Every structure is written in structure tokens, then in C-alpha cells.
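Here are the chains, one letter per residue:
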Amino acid sequence: MTLVNRVFGITALLNERKKKGLFRECQICARVPGPDGGHGHGSRELRTASGTFLNFASNDYLGLTDHPEILEALREGIAEYGAGTGSSPLVTGLTPAHEELSERLRDITGKEAVLLFSTGFAANQALIKAFMALKAGICLDRLAHASMQDLAFYSRNLFRFRHNDTDHLERHLIAGNSPGIIVTEGVFSMDGDLAPLKRLQELREKFRTPLILDDAHGFGVHGPRGHGTPALVCGSFENTDIYMGTLSKAVGLSGAFIAGEREFLSFMTNTSREYIYSTMAPAFLARGALKSLNIIEGSEGEERRGHLATLIRRFRANMAELLPEYCPESETAIQPVIIGNTENLARVAAELRREGIIAGAIRPPTVPEGTARLRITLTAAHREQDTDFLAEKLSGIVRMIRNKTSANTENTA
Ligand SMILES: Cc1ncc(COP(=O)(O)O)c(C=O)c1O
């Protein structure tokens, strides 16, 4: 046994997780070229050591991860800037490509300033830390992403309101717990539902409490020209004070940005350790992101969003007929199917794999106990027959497992 394991008892900890069905490990997934062998097929399929699967587990909502024009922009970016930036943004890590991308994101959001980050996770951590440094009371939706929950837990002034429950939040604000911030997600990553943005903006106004929005799953997908959930729900970003968007999901690349007030972002530039002490993301990624934004904002983006909307409607209609009691309301590309316990979830996921389908199997603590689920993500790279196939196989498998479970319960009663 190696030293770390011996000293800290890692094997026992892992065995405990295995016993509870909570053990996690990565699988290696290769891209599958399209029928013509070329690019432009997004993440529709993937290949692992055990075969080729229809992929319903990717956040590549618009199917842009291997778009030929984006790949070409990345190549041009490498030719122009080389591979890495070699330094933090405050040293020599920022290039004209980063600046152009920031300007573009400023235009899209209508905000005064933008900061780029290597990941959405780092951006959120930096954001929450900055407000903690400002001694803000943090009002956080209970189902907001781990990147925000993790740090907020260290705050002495944290209020986690019930998911999307604005009355719960308002009661807290009425009790005079300002100055604070309201933090939520545009599209909830595990449930696919939207934040009640209009109502949150009313509370923002009434209690002068800035609204911070993580729109990782809305940017590029929602609203006119893919500008995001505030554009969809409110027509603009005006009453969303700080907006975090990722470049890793619909944009098809990697990285993130925070858009907001110039002074606040200057404060972050001066104090955020995630920004100051981390090498800037490569300039070629900024070139790729600019190309991706061209596509997202243009007619091709419109078409891709239109196709995705058709798939969502079709999948939901199928599921409403085949398996209504398992599918909560979600009109977005994230379609949860709540299985309940982790053992049954593992069975459903394994049976789906046998049918050539991969979907995210999400277990506690990522989601609340008793709500283990398949997190199905639809993307513009899918075809109608893919989602029909998924609905048919999924409903058959869930029913089969339900019948077996109730037969076992009867036998043991
Ligand atoms: C809501 C939300 N915010 C932030 C992140 C982190 O973004 P990234 O994957 O770019 O680190 C995720 C990742 O899945 C997410 O779902």
C-alpha cells in the first residue's frame, strides 16, 4: 500500500462510496466522425472502450464542438499566437484576441466590462469570493451550482433560499438582511428549469440587492441571437447586475466570462486569486470563441436553436405519453428523468448503454437524496429519430425495472 493511502485510509473511503453506489471514475471518450468522415457533427455520438453510443450527456447544445469554421479559426489562432499564453493576464497573458472577445461580450451583454476566465468553475469561485471580501450577505438558490455553493458555505452571512422560491427569499430580505446579493442560475443544470428572473428583478429593485446570474446553460441557447436567459425572459441584461456565461457549453469550446460594472470587475482584477495567479486561457481559444459567436448570432445559430427547440418539444411529447410521472417540467435542452434511488439509476443507465445510449447518471450529493436521475441533454447535433429512439428505449427500460422492483418487494413482503 502506498504512503498516502496508508496514512489516510483512502481504500476504505472509496470502498464506502462503492458500497453506496456512489463511486465515480472517468471514461475515455473519442470523437466519432460523421458519415462522410468529416467534421461538423457535434457531439451526437461518442466512442468508448465498450463501443459507439448516441450521446445524450453533452452540453454542446448547438453541436458546435467540431464546427469546421471554428476549427479553422482555432488553427489560425495558433498560427498567430502559438499554443499557450505563458502567463497570468496581469503579467503578459492578455492578447488582442482576448481583448476583441471581451469587447464582443461587452456588446452582447451591454455591460461596462468583461473578465475572461479559464473555466466557469473558477469564474464562479472568484465571483463569490469577491462578494465575500465585500462582506455581502449571500442569498443563494439551494440548487445553484457547486462552484458557488462550495465557497458560499464559508460565508458567515449565507442564506440558501428554497429552489426558485422567491417568497422564501423575500421574507429573508424583509427581515433586513441587506446589503446582500441574490445569486442564481439562468437554467438549472440538473433540473433544466429557469430562474423566475422577473420576480427576482423586482426583489432586486425593492431591496436594492444586486442580482448575480450564472447562465452557463443559457448563453448561446436562449433569447434572440442566443444572447442568453435574461434576453429571453426580460428582453435585456439591464436588471441583471453581474452575468456569468461559459464558453464551454453552447459556444463549444472552453472558458468563461463575467460581465458587469467596471468598478466591480476592476476590484476582481485586483483581488481575485483565480484571476491573478492563473495562466490566461490560450489566445487561439478566444479566436475560436469569436467565430463561434458569429455562428451563434447569425442565421445558422437561429437554425440550430430552431432544430433544438423542435427536438425538445418532440422528446417531451413522447415522454409525456410514455413516462409522465418521471419527467418534471423542463422546456430546456436539459431533460431530467427522476429515477429515485441510486441502484435503480445504475440499472437504467446500464440498460441504456446496452441499447447504445449514454446519458448522464446523476447521483447524490450532486442532487438531493432520493432524486437520483438521468440528466438527458438534447443538442442540435441530434436527429429526430435519435430522440424518438431514446424515448422508446428509456420508457421500456424504466417500466421493466419498475416491474421487477415491485415484484421483488411483493416477494419479500
Ligand atoms: C451552472 C454551472 N455553472 C458553472 C459551471 C462550470 O463551468 P465550466 O464547465 O466551464 O467550468 C457549470 C458546469 O457544468 C455549470 O453547470
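Residues numbered from 1 in each chain as written. Predicted model: local features only at pLDDT ≥ 70, side-chain atom pairs only at ≥ 80, totals over all residues. Heavy atoms only, no water.

## Considerations on the environment of Gly-137
Structurally, Gly-137 can be placed in strand E5 (residues 137-141). For Gly-137, a relative accessible area of 2% puts it in the buried group. On a C-alpha basis, the gap between Gly-137 and Thr-209 in space is 9.6 Å, while along the polypeptide they are 72 residues apart. Setting aside residues no more than four positions away along its own chain, Gly-137 makes contact with Asn-157, Pro-179, Gly-180 and Ile-181. (Helix = DSSP H or I, 4+ residues; strand = E, 2+ residues; numbered from the N terminus. Buried < 20%, exposed > 50% of the residue type's maximum accessible area, 1.4 Å probe, protein only. Contact = heavy atoms within 4.5 Å.)

## Section: the side chain of Asp-141
Within the fold, Asp-141 resides in strand E5. It turns out Asp-141 is buried and unbridged, and the closest side chain with the opposite charge, Arg-142, is 7.7 Å from it. In terms of polar contacts, Asp-141 uses its side chain to reach the backbone amide nitrogen of Leu-143, at 2.8 Å. Once residues lying within four places of it in the same chain are set aside, the contact partners of Asp-141 are Gln-149, Phe-161, Arg-162, His-163, Asn-164, Val-183, Thr-184 and Phe-188. (Lys, Arg positive; Asp, Glu negative; His and termini not counted. Salt bridge = Lys/Arg side-chain N within 4 Å of Asp/Glu carboxyl O. Polar contact = N/O pair within 3.5 Å; in protein donor to acceptor, adjacent residues only side chain to side chain.)

## Some points on the packing of helix H8 (residues 166-174) against helix H9 (residues 197-207)
With their axes 11 Å apart at the nearest point, H8 and H9 run at an angle of 5 degrees to one another. On the basis of their axis angle, the class for H8 and H9 is roughly parallel. Each of Thr-166, Asp-167, Leu-169, Glu-170, Leu-173 and Ile-174 in H8 lies in contact with H9, whose residues at this interface are Arg-199, Leu-200, Leu-203, Lys-206 and Phe-207. (Axes fitted to C-alpha atoms, helices over the stretch in contact; angles between N-to-C directions. Parallel < 35°, antiparallel > 145°, perpendicular 65-115°, else oblique.)

## A few points about the domain arrangement of the protein chain
One widely used convention gives an interface's size as the accessible area the parts lose upon coming together. What the domain assignment reports for the protein chain is domain 1 (29-58 + 302-412) and domain 2 (68-297). For domain 1 and domain 2, the distance between their C-alpha centroids amounts to 28 Å. On the domain 2 side, the residues contacting the 17 residues of domain 1 number 19 residues. Of the roughly 1,200 Å² buried between domain 1 and domain 2 on both sides combined, carbon and sulfur atoms contribute 60%. Counting the surface domain 1 buries against domain 2, the share from its top three residues, Arg-305, Thr-332 and Ile-334, is 41%. Linking domain 1 with domain 2 are 1 salt bridge. A salt bridge links Arg-373 to Asp-191, with the nearest nitrogen and oxygen atoms 3.2 Å apart. Where domain 1 touches domain 2, the interface holds 7 residue pairs in polar contact (both at pLDDT 80 or more). (Domains from an automatic or database assignment. Buried area = accessible area lost by both parts, 1.4 Å probe.)

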